[in-house]
Amino acid sequence: MYSVNVPVPGRVRTLANELYPDLVGFEHVREEHSCLLKRLGEADHVAQLQHRAHRALEGAPAVEAQITEINYFEDPPLGSAPVVYLAVESPGLESIHNDLTEAFEVVEGLEGDDYVPHVTLARGGDLETAKRLADREIEPIKWTVNGLEFWDGTYKLPVSRVSLPA
């Protein structure tokens, strides 16, 4: 599965590392952190998929984003529950997501109107632990998103980057 992801600053990774001791009871704890912006699907010709994504992003400006809280999905549409995440507030990212949904098919229940920008921390744990984590206060983390990554989910690494001009 290919996607367009938002790289997060080191301060977000630092926060995730600080929360790690409270996440160890979950089935899956993320070690790499980013914000999934749009799933693009599978491709026989990766270069064509990548080209379509780059074209859809042409002219997209740099946008502001902010981690505002810890939250959780109690019953996510895919995978084990609950999913604990860092909530990302960014009207600019939501606008770019909408642009990408015009160029690529929407994954029902996850994208379009159902899209919630977030950075997954862990999934498949105890609901009470997720609730306790969501009750914690965190300092907001603000940053400018000046680039996006074309992500290869099979190998779990970025294969290219798209700059978003200021």
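The present account deals with the structure reproduced in this document. Because the structure is predicted, anything quoted here is derived from the model rather than measured. (Residues numbered from 1 in each chain as written. Predicted model: local features only at pLDDT ≥ 70, side-chain atom pairs only at ≥ 80, totals over all residues. Heavy atoms only, no water.)

1. Remarks on the sheet that holds strand β1 (residues 2–7)
Reasoning step 1: Strands sit in the order β3-β1-β8-β9 across an open sheet of 4 strands; the sheet is antiparallel. In this open sheet, the two edge strands, each paired with only one partner strand, are β3 (34–41) and β9 (157–163). Sheet twist, expressed as the mean angle between neighbouring strand axes with direction ignored, is 30°.
Reasoning step 2: Examined bridge by bridge, strand β8 (residues 147–152) and β9 share 6 bridges and lie antiparallel to one another. Each bridged residue has a counterpart across the sheet, and for Phe150 the counterpart in β9 is Ser160.
Reasoning step 3: Those strands touched by helix α2 (residues 46–56) are β1, β3, β8 and β9, and its axis lies near 35° from that of β9. (Pairing = 2+ DSSP bridges. Helix = DSSP H or I, 4+ residues; strand = E, 2+ residues; numbered from the N terminus. Axes fitted to C-alpha atoms, helices over the stretch in contact; angles between N-to-C directions. Contact = heavy atoms within 4.5 Å.)

2. Side note on the pairing of strand β5 (residues 83–89)
Reasoning step 1: Counting buried residues in β5 gives 6 out of 7 residues, a clear majority hidden from the surface.
Reasoning step 2: Of the pairings in the sheet, the one linking strand β4 (residues 63–73) to β5 comprises 7 bridges and is antiparallel in character. Along β5, the bridge assignment pairs Phe73 with Val83.
Reasoning step 3: Bridge count between β5 and strand β6 (residues 118–123): 5 bridges; the pairing is antiparallel. Looking across to β6, one finds that Ala87 is bridged to His118. (Buried < 20%, exposed > 50% of the residue type's maximum accessible area, 1.4 Å probe, protein only.)

3. Looking at the packing of aromatic side chains
Reasoning step 1: Enumeration according to the criterion identifies 2 aromatic pairs in this entry.
Reasoning step 2: When the centroid spacing of 5.5 Å and the interplanar angle of 15° are considered together, the rings of Tyr2 and Phe150 count as stacked. With Tyr2 in strand β1 and Phe150 in strand β8, this pair connects stretches of sequence that are 148 residues apart. In this structure, Tyr2 and Phe150 share a single accessibility class: buried. (Phe/Tyr/Trp six-rings, centres within 6.5 Å; stacked < 30°, edge-to-face > 60°.)

4. Comments concerning the sheet that holds β4
Reasoning step 1: The sheet built from 5 strands is open, its strands ordered β2-β6-β5-β4-β7 with antiparallel pairing. Bordering the open sheet on either side are β2 (28–29) and β7 (141–145), each of which pairs with just one other strand.
Reasoning step 2: Looking at chain direction, β4 and β7 are connected through 5 bridges and run antiparallel. Opposite Val63, over in β7, you have Val145 as the bridge partner.

5. Section: the nonpolar core
Reasoning step 1: Residues Leu37, Ile67, Leu86, Ile96, Trp143, Val145 and Leu148 are the most contacted members of the largest nonpolar core, which totals 42 residues.
Reasoning step 2: No other element matches the 5 residues that helix α1 (residues 10–23) contributes to this core.
Reasoning step 3: In this structure Leu86 touches Val12, Leu15, Leu19, Ile67, Glu69, Ile70, His118, Val119, Leu121 and Ile138, once residues within four positions along its chain are discounted. (Core = buried A, V, L, I, M, F, W, Y, C linked by side-chain atoms within 4.5 Å.)

6. Digging into the environment of Ile141
Reasoning step 1: For Ile141, the position within the fold is in strand β7.
Reasoning step 2: In this structure, the C-alpha to C-alpha distance between Ile141 and Leu15, residues 126 residues apart in sequence, is 9.4 Å.
Reasoning step 3: Apart from the residues within four sequence positions on either side, Ile141 is in contact with Pro9, Arg11, Val12, Leu15, Ala65, Gln66 and Ile67.

7. Describing the pairing of β1
Reasoning step 1: Burial analysis of β1 places 5 of its 6 residues in the buried class, which makes it a mostly covered element.
Reasoning step 2: Here β1 runs beside β3; their pairing, made up of 6 bridges, is antiparallel. Each bridged residue has a counterpart across the sheet, and for Pro7 the counterpart in β3 is Ser34.

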